[in-house]
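Below are the chains, spelled out letter by letter.
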Amino acid sequence: MDLELTDEQLQLQNAAIEFARSELNDDIIRRDHNEVFSTEGWRKCASFGVLGLPIPSEYGGMGLGITDVIAVMEGLGYGARDQGLLFSINAHLWTNSLPILVYGTSEQRQKYLPGLSSGDWIGANGASEPDAGSDVFSMRTRAERQGDCYVLNGAKTFVSNAPVAKLFVVYATVDPRLGPMGITAFLVERDTPGLTIAKPLEKMGLRTSPMAEIILDNCTIPVANRLGREGRGVAVFESSMEWERGCILANYLGLMRRQLESCIEHVRTRKQFGKPIGKFQSVANRVVDMKVRLDTCRPLVYRIGWLKQRNQPATMESAIAKLYVSESLVKSCADALQIHGGYGYMVEQGIERELRDALGSTLYSGTTEIQRNLIAKCLGI
């Protein structure tokens, strides 16, 4: 497995770095404090092509393969300080646009993908429920077939992008007795009667990515808005998770690389007791640990792309990457803060924000504990 980027992939990545540096870092401290989603940043990302990276050109996208997308996402993570905006982009792409591309009908693709690729439509995903978080398939949201329509009733929580989204991929069961075989995916537009965007949710980190609960109260949609076959919602969900666990982690490869370079520069120039602090073994060891984590995380993420490009399953590999990279990210952010001492604890440095943002990575797209369960299942345990 060759993990070296091609010249074309390096060009894509470097272009993403320069774009993110120049266009996505404005006023981040204020926006993080006030939980402000950057509509302007979203539009800039759309113009740059980010929102259509894996979408074929016939639907307004760039038609890139997953390894190309991972390279671009790594570049965005390196250049952008707004991890919340990048999180919203990942939610939009992997839990909304990608499922439509893979499981949607020709009519659904034609109707929704151009708007999602251009950024005119923002996508969201309704899977988690107040009583069904990690156990997502114990959901209570019901979908009752009534002639040419489905009537949805239930509630979803932790819905990223909900306050600004125009299209939701919502999961509901057509029959709780069927267990996972009853789960079905649906496309629900924001202005559909019976869909209510409930209270916004305030978060510890990723505060520039809006989140809210949604309520479905006799929300009636046509059968044409079912995504995939009835009872195939688990396949839709798991497919989107493979992509999300790979590509969302790519952002953090970029962040970890930027942090490492910044810490190396800091320990070379910051002096205490008459010498650079990097000469103290306890400090140098933290930098070394950051380097080791980065170099062990990178092949785990790019292995997902390598497998998916060859149409091979990556369920276990994406779970391994999600588990290891998210835990490594938190440790490296904590090390970066410790290396910078009191200055790292200050808001203006941005390191404390990156640590707050990183902590969420061990929870979303399946918690660390769920990833271990998935890996054990794949091992036949």
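Above this text sits the structure in question.
As the structure is a computational prediction, the values presented were derived from the model and not from experiment. (Residues numbered from 1 in each chain as written. Predicted model: local features only at pLDDT ≥ 70, side-chain atom pairs only at ≥ 80, totals over all residues. Heavy atoms only, no water.)

A.B. asks: Requested: an account of helix 9 (residues 315-344), with residues and values cited.
C.D. replies: Compared with the 44 Å implied by 1.5 Å per residue over 30 residues, the 37 Å span of helix 9 between its first and last C-alpha is markedly short. The largest bend along helix 9 reaches roughly 60° and is located at Q338. (Helix = DSSP H or I, 4+ residues; strand = E, 2+ residues; numbered from the N terminus. Expected span 1.5 Å × (residues − 1). Bend = angle between axes of the 7 residues up to and from the residue.)

A.B. asks: Account for the pattern of salt bridges, naming residues and giving values.
C.D. replies: Enumeration over the complete set of coordinates arrives at 17 salt bridges. The salt bridge involving R258 is made with E354; its shortest N-O contact spans 2.9 Å. Of this pair, R258 sits in helix 7 (residues 233-269) while E354 sits in helix 10 (residues 351-359), and the two are 96 residues apart along the sequence. Summarising the burial analysis for this pair, R258 and E354 share the class buried. A salt bridge links R293 to D335, with the nearest nitrogen and oxygen atoms 3.1 Å apart. With R293 in helix 8 (residues 281-309) and D335 in helix 9, this pair connects stretches of sequence that are 42 residues apart. (Salt bridge = Lys/Arg side-chain N within 4 Å of Asp/Glu carboxyl O. Buried < 20%, exposed > 50% of the residue type's maximum accessible area, 1.4 Å probe, protein only.)

A.B. asks: Hey, could you go over the state of the cysteines for me, with residue numbers and the actual values?
C.D. replies: This structure, assessed with the given rule, holds zero disulfides. C263 forms no disulfide, and the closest cysteine sulfur to it belongs to C333, at a distance of 9.5 Å. Free of any disulfide, C378 has its nearest neighbouring cysteine sulfur in C247, separated by 19 Å. On the basis of relative accessible area, C378 is assigned to the partly exposed category, the value being 39%. (Disulfide = S-S within 2.5 Å.)

A.B. asks: A description of the nonpolar core should follow, citing residues and the corresponding values.
C.D. replies: In terms of nonpolar packing, the biggest core is built from 86 residues, with M73, L76, I89, W94 and Y171 touching the most fellow members. No other element matches helix 7, which puts 16 residues into this core. In this view, W94 contacts P54, V69, M73, P99, S240, W243, E244, C247 and I248; residues no more than four positions away in its chain are not counted. Counting 20 residues, the second-largest nonpolar core is a separate cluster that includes A143, Y150, A165 and L195. (Core = buried A, V, L, I, M, F, W, Y, C linked by side-chain atoms within 4.5 Å. Contact = heavy atoms within 4.5 Å.)

A.B. asks: Describe helix 11 (residues 368-378), listing the residues and the values that go with them.
C.D. replies: Along helix 11, the residues that are buried comprise T368, Q371 and I375. Projected down its long axis, helix 11 carries its buried residues within an arc of 55°, all on one side. Residues of helix 11 that are exposed and point more than 90 degrees away from the buried face comprise E369, N373 and K377. Looking at the buried residues of helix 11, the elements they touch are helix 7 and helix 9. One or two residues past the end of helix 11 sits G380, with phi positive at roughly 80°. (Arc of directions from axis to C-beta.)

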